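# Structural characterization, general
Residue-level listing of the chains:
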Number of protein chains: 2
Amino acid sequence: MVEDVVRTLGFLCLASRLRRIGERLQADTQQVIDEAGVGIQAGQYPFLAAIDRAGPLTIGELAQAVGITQPGATRTIGQLLELGFVDIQPAPDDQRRRLVSLTDKGQELVDHSKATIWPRVAAAVADLCGDLDGPILEQLAAIEDGLAALPLIRRSTVTGPPALSTAQ
Amino acid sequence: MVEDVVRTLGFLCLASRLRRIGERLQADTQQVIDEAGVGIQAGQYPFLAAIDRAGPLTIGELAQAVGITQPGATRTIGQLLELGFVDIQPAPDDQRRRLVSLTDKGQELVDHSKATIWPRVAAAVADLCGDLDGPILEQLAAIEDGLAALPLIRRSTVTGPPALSTAQ
DNA sequence: CCGCTATATATAACATGTTATATAACATTC
DNA sequence: GAATGTTATATAACATGTTATATATAGCGG
């Protein structure tokens, strides 16, 4: 078995490590989403959630809300448009800005997700790292070990009422 | 100003958030590397560090050591080969395995990096989040705020002897 | 009103991760 | 020792982020 250098090097490789854990966690989250039979990618959800929370937003506002660059937002919104979850129309006062809103189908998806998938994911992630404390490198190690020991989807089984509301 | 939904949604969006912070941090790290005039990508360093620590490794071992998939390792090693930092030769006992070792140029780069760039990066990242403690979501918020307040490169100025050794 | 600058979005090119699969070398079994 | 399965690496196709740049609309100064 080979040493995990990224873990060993600590702060020096924190960037790689955060990305690596994020990718692993996102893949695990995708499993939970797929299990629910919703045809959507984990990375598309924050866009829908942003519009659900704030009402119609422009491409630029969405990029800001989700924390990626504008071209990335343009692409993801294009996908959601293709899937029929959002609708786009120019802002009445400024033809450059394009307002993205949820379609009925999109709103239904959000409402359904709020009631089922999102609480499940949030609870599973909270189960994974909710009680952690201490220096960040130790917490990251615990998260990696925790995921290896019991993947997210095995933590997401709903055994009672959802443990967490949608957000905060 | 638009609400940061990924931050607001907490555990539900932890995966996106880790990736996002990792990407930001890696871009910042790249600035420090570029400032030092070394023609290398931040993501390539862990491969060199792994070989430096463990001696020649196969592609598969490198993938494991760095925590990515084998095709990703194949690609990065191809780049490092192109750049002249590593050398590849088939394992004597098993023609399928390809042993990757540091060239003289690669070893020089590692030695130089160990003495200058790596301590600087590690110190800057430690400055950013070394004293943090508490729940992970709060630490991530502090890291994001910290990066926005003072980017990594402005934390990497060497004002005295390096605060941290390469690794531990 | 015209021309210049600024802003919003789209597009192109690239970086770097993934999964799925092809290929070649090794190992095993009858 | 030939057939079959396994393992190591390469390659293809795709996902999703980035930076750089093009284009269209808005806003402004003369």
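Under an unreviewed UniProt entry, the name given to chain A is MarR family transcriptional regulator, and the organism recorded is Rhizobium croatiense.

Once that is clear, we can look at the domain arrangement of chain A. Residues and elements named next belong to chain A. Domain assignment breaks chain A into domain 1 (1–36 + 116–168) and domain 2 (40–102). One C-alpha centre belongs to domain 1, the other to domain 2; they are set 27 Å apart. With eight residues of domain 1 at the interface, the matching set in domain 2 holds seven residues. Interface area, domain 1 with domain 2, both sides summed: about 570 Å², of which 61% is carbon and sulfur. Ranking the residues of domain 1 by area buried against domain 2 places Gln30, Ile33 and Trp118 at the top, with a combined share of 70%. For the pair domain 1 and domain 2, the number of links is zero salt bridges. Counting residues per element, the ones that place at least two in the side of domain 1 that touches domain 2 are α2 (14–35) and α7 (117–129). Ranked by residue count, the leading element in the side of domain 1 that touches domain 2 is α2, at five residues.

The subject of this paragraph is the relation of the copies chain B and chain A. Of the two same-sequence chains, chain B is brought onto chain A (RMSD 0.0 Å, axial shift 0.0 Å) by a rotation of 180°. Look at the turn and shift together and you get a two-fold axis relating the two. When C-alpha positions in chain B are compared against the rotation axis, the closest is assigned to B:Arg19, at 2.2 Å.

With 49 residues of chain B at the interface, the matching set in chain A holds 50 residues. Taken together, both faces of the contact between chain B and chain A bury some 4,300 Å²; the carbon and sulfur share is 69%. If you sort the residues of chain B by the area they bury against chain A, B:Val2, B:Phe11 and B:Leu12 come out on top, with a joint share of 15%. A salt bridge links A:Glu3 to B:Arg53; the nearest nitrogen and oxygen atoms lie 2.9 Å apart. Here chain B and chain A share twelve residue pairs in polar contact (both at pLDDT 80 or more) between them. For the side of chain B that touches chain A, the leading source of residues is helix α2 (residues 14–35) of chain B, giving eleven residues. Here the residues of the side of chain B that touches chain A sort into 30 nonpolar, eleven polar and eight charged.

This part takes up the protein's contact with DNA strand C. The local shell around DNA strand C holds 20 residues, among which A:Gln70, A:Arg96, A:Arg98, B:Thr69 and B:Gln95 are the closest. In DNA strand C, the atoms that sit within 4 Å of the protein are 59% sugar and phosphate, with bases accounting for the remainder. A distance of 3.3 Å separates a phosphate oxygen of DNA strand C from a polar atom in the side chain of A:Thr74. B:Gln95 places a main-chain nitrogen or oxygen 2.7 Å from a phosphate oxygen of DNA strand C. Classifying every residue of the surface near DNA strand C gives four nonpolar, eight polar and eight charged.

Next up on the list: the packing of aromatic side chains. A ring pair, where both rings are aromatic, is described by two values, the distance of the centres and the angle of the planes. Residues and elements named next belong to chain A. Tallied over the full model, the rule gives two aromatic pairs over all chains. Ring centres 5.1 Å apart and planes at 85° place the aromatic pair Tyr45 and Trp118 in the edge-to-face group. Taken together, the positions of Tyr45 in helix α3 (residues 45–54) and Trp118 in helix α7 put the pair 73 residues apart, joining distant regions of the chain. Note on accessibility: Tyr45 and Trp118 belong to one class, buried. Between the NZ or CZ atom of Lys105 and the centre of the ring of Phe85, over which it lies, the distance is 4.9 Å.

The environment of DNA strand D is formed by 20 residues, the closest being A:Thr69, A:Arg75, A:Gln95, B:Gln70 and B:Arg98. Of all DNA strand D atoms lying within 4 Å of any protein atom, the proportion belonging to sugar or phosphate reaches 60%. A distance of 3.0 Å is found between a base oxygen of DNA strand D and a side-chain nitrogen or oxygen belonging to A:Arg75. At 2.6 Å from a base nitrogen of DNA strand D is found a side-chain nitrogen or oxygen belonging to B:Gln70. Contributing elements (two or more residues each) for the surface near DNA strand D: α5 (70–82) of chain A together with α2, α4 (59–66) and α5 (70–82) of chain B.

Another point: the state of the cysteines. Under the counting rule described, the total for this entry stands at zero disulfides over all chains. This cysteine, A:Cys129, is not joined by any disulfide, and B:Cys13 carries the nearest cysteine sulfur, 13 Å off.

A word on helix α8 (residues 136–149) of chain B. Its 14 residues give α8(B) an end-to-end C-alpha distance of 20 Å, which sits within 8% of 20 Å, the value for a rise of 1.5 Å per residue. Of the surrounding secondary structure, the elements contacted by the buried residues of α8(B) are α7 and α8 (136–149) of chain A together with α1 (5–8), α2, α7 (117–129) and α9 (152–155) of chain B.

This part covers the pairing of strand β3 (residues 98–102) of chain B. One ladder, built from two bridges, connects strand β1 (residues 57–58) of chain B with β3(B); its direction is antiparallel. Residue pairing across strands places B:Thr58 opposite B:Leu99, the latter belonging to β3(B).

Procedures and definitions
Residues numbered from 1 in each chain as written. Chains lettered and ligands numbered in written order. Predicted model: local features only at pLDDT ≥ 70, side-chain atom pairs only at ≥ 80, totals over all residues. Heavy atoms only, no water. Domains from an automatic or database assignment. Contact = heavy atoms within 4.5 Å. Buried area = accessible area lost by both parts, 1.4 Å probe. Salt bridge = Lys/Arg side-chain N within 4 Å of Asp/Glu carboxyl O. Helix = DSSP H or I, 4+ residues; strand = E, 2+ residues; numbered from the N terminus. Least-squares fit on C-alpha atoms with pLDDT ≥ 70 in both. Polar contact = N/O pair within 3.5 Å; in protein donor to acceptor, adjacent residues only side chain to side chain. Nonpolar A, V, L, I, M, F, W, Y, C, P; charged D, E, K, R; others polar. Near = heavy atom within 4 Å. Phe/Tyr/Trp six-rings, centres within 6.5 Å; stacked < 30°, edge-to-face > 60°. Buried < 20%, exposed > 50% of the residue type's maximum accessible area, 1.4 Å probe, protein only. Lys NZ or Arg CZ within 6 Å of the ring centre and 35° of its normal. Disulfide = S-S within 2.5 Å. Expected span 1.5 Å × (residues − 1). Pairing = 2+ DSSP bridges.

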